[in-house]
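Letter by letter, the chains look like this.
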Amino acid sequence: MSYEHILLAVDLTEESQQVAEKAVILAQQSSSTLSLVHVIEPLSFAYGGDVPMDLSTIQEQLDEHAQQRLTEFAAQQAMPIKQTHVVTGHTESEIHRIAKETDIDLIVVGSHGRHGLSLLLGSTANGVLHGAKCDVLAVRVKG
Ligand code: AMP
């Protein structure tokens, strides 16, 4: 199977490297380019109007920090990374948007292989699969 441009969704947790290793192998095998996306959910999603202060400075700091961490993560990979996207919004919708805008033909996400209800409802992998306009690979994360 051959892909041209793979998008790896990175949550910047310790598990990200496990998922990245599979994405890199796949990209190398199919002579594909690889890009990364990290989504920051806005603080206002969590706190809404409940916090009587301006969250924009904290939000900016979070964005800068995430950009720095994603750049470092990209540099650690065993192949060059074409683009690194740090975007703000709803995780699944932003991954879909970036995939569409950058002509992605495979999205790679991590999956915890949960059971029962949380398997059906909880996972980002599940959310990304639904509504994706291209293939989605869920890489089983151990632990
Ligand atoms: P979760 O189901 O939330 O534990 O996440 C599983 C996978 O979804 C991660 O390994 C990532 O591939 C992807 N993911 C979760 N959160 C984010 C995020 N904020 N930005 C990009 N990808 C994410």
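What comes next is a walk through the structure. (Residues numbered from 1 in each chain as written. Predicted model: local features only at pLDDT ≥ 70, side-chain atom pairs only at ≥ 80, totals over all residues. Heavy atoms only, no water.)

## Some words on the environment of Thr 71
Then step 1. With respect to the secondary-structure elements, Thr 71 resides in helix H3 (residues 56-75).
Then step 2. Overall, the relative accessible area of 43% leaves Thr 71 in the partly exposed class.
Then step 3. Expressed as a C-alpha distance, the spacing of Thr 71 and Gln 59, which sit twelve residues apart in the sequence, is 18 Å. (Helix = DSSP H or I, 4+ residues; strand = E, 2+ residues; numbered from the N terminus. Buried < 20%, exposed > 50% of the residue type's maximum accessible area, 1.4 Å probe, protein only.)

## Section: the pattern of salt bridges
Then step 1. Throughout the structure, instances matching the rule amount to two salt bridges.
Then step 2. Here Arg 97 makes a salt bridge to Glu 94, at a shortest N to O gap of 2.6 Å. One end of the pair is Arg 97 and the other is Glu 94, both in helix H4 (residues 91-101) and three residues apart, which spans about a single turn.
Then step 3. Looking at Glu 94, the relative accessible area reads 12%, which means it is buried. (Salt bridge = Lys/Arg side-chain N within 4 Å of Asp/Glu carboxyl O.)

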